[in-house]
Amino acid sequence: TLLLGSLSLSPSAVSVSSAGQPSSAVTVTLTETGLSNASCVPLTWSDDNGPHQVTMTGGSGTFSVKIPATSIKKVVTSSGGSIPFTATVPGSQAVPSKSLTIIGAPAFTGNCSVSVAGLGLNIISLMLLTRNTLLPAGLTCTTVNLASTDSVVATYQSGTGTRTATLTSTNGTTWTATLPAGTPMKSSGTSEGFTFQLTRASDNATASQSLTATLLL
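Keep in mind that what you see is a predicted model, and the values were worked out from it rather than measured.

1. Overview of unusual backbone geometry
Cis peptide bonds are those with omega within 30 degrees of zero, and the linkage from Ser10 to Pro11 qualifies with -5 degrees. Structurally, Pro11 is set in the loop between strand 1 (3–10) and strand 2 (13–15). Of note, the phi angle at Ser60 is positive, near 55 degrees, even though the residue is not glycine. Structurally, the position occupied by Ser60 is in the loop between strand 5 (50–59) and strand 6 (62–67). Residue Ser60 is classed as exposed on the basis of its relative accessible area of 73%. Positive phi, close to 60 degrees, is recorded for Asn204, a residue that is not glycine. Within the fold, Asn204 resides in the loop between strand 15 (191–200) and strand 16 (205–216).

Below you can see the structure in the form of structure tokens.
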């Protein structure tokens, strides 16, 4: 008597490159009771390159196959997607399936901003003689498909050079940093440009966004 088990994926979720390839190979495992070691267990899935089939092998209650990252292609938006894998078990009408979660590319959601107490968004007040910030300025961005251990930084002109502010997050979604009062801004002009860049550590995927803040003397 065949007592059908279950299908599992390792890893169960992967991020993809801009070409749509997962960041790692995926091992698909069927845990079952009742199949002979000589059984042939087909595993099928469909992706952006059409339908595919490989053969799971093994015995003693476990059949598995390792699918290279180059064999799976699925281009997804930042909202992500999934690919279902199906194992056809000989002698049984029950067909176990399991979906691989595809994590979308990291991205900024909405617009990053600069906020100073008592002023409108993206406005920075300066000390007249030094062109340093008069009040602390808060930098804020929101993102998707990042973890708090990933990276968001902002670069901007400071005096005759550039500075980088590192934003931090507790949930991987909202990122903040504070430019202290007295921070040097651009040495001339009435505006300050900020470029925000995010980096996902697992696959080095990046995205950027820019804003212009008004400088008040």
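2. Topic: the pairing of strand 8 (residues 97–103)
As judged from the three bridges shared by strand 2 and strand 8, these two strands associate in the parallel manner. Paired with Ser15 across the bridge in strand 8 is Ile103. When strand 7 (residues 81–87) meets strand 8, the two strands line up antiparallel, connected through six bridges. Bridge assignment links Phe85 to a residue of strand 8, and that residue is Lys98.

3. Topic: a nonpolar patch on the surface
The grouping of Met127, Leu134 and Leu135 at the surface amounts to a nonpolar patch, some 230 Å² of accessible area in total. Of note, Leu135 is situated in the loop between strand 10 (123–125) and strand 11 (137–144). By relative accessible area, Leu135 is classed as partly exposed at 34%.

4. Here's the deal with the sheet that holds strand 14 (residues 174–179)
Here we have three strands laid out as an open sheet, ordered 9-11-14, and antiparallel in their pairing. Both edges of this open sheet fall to strand 9 (107–115) and strand 14, since each of them pairs with a single strand only. Across the sheet, the mean angle from the axis of one strand to that of its neighbour is 15 degrees, orientation sign disregarded. Direction of pairing for strand 11 relative to strand 14: antiparallel, over a ladder of six bridges. Along strand 14, the bridge assignment pairs Leu139 with Ala177.

Rules of the game
Residues numbered from 1 in each chain as written. Predicted model: local features only at pLDDT ≥ 70, side-chain atom pairs only at ≥ 80, totals over all residues. Heavy atoms only, no water. Helix = DSSP H or I, 4+ residues; strand = E, 2+ residues; numbered from the N terminus. Buried < 20%, exposed > 50% of the residue type's maximum accessible area, 1.4 Å probe, protein only. Pairing = 2+ DSSP bridges. Patch = residues over 30% accessible without salt bridge, like charges linked within 9 Å, V, L, I, M, F, W, Y side chains within 5 Å. Areas by Shrake-Rupley, 256 points an atom, 1.4 Å probe, with all protein chains shown as cover. Salt bridge = Lys/Arg side-chain N within 4 Å of Asp/Glu carboxyl O. Axes fitted to C-alpha atoms, helices over the stretch in contact; angles between N-to-C directions.

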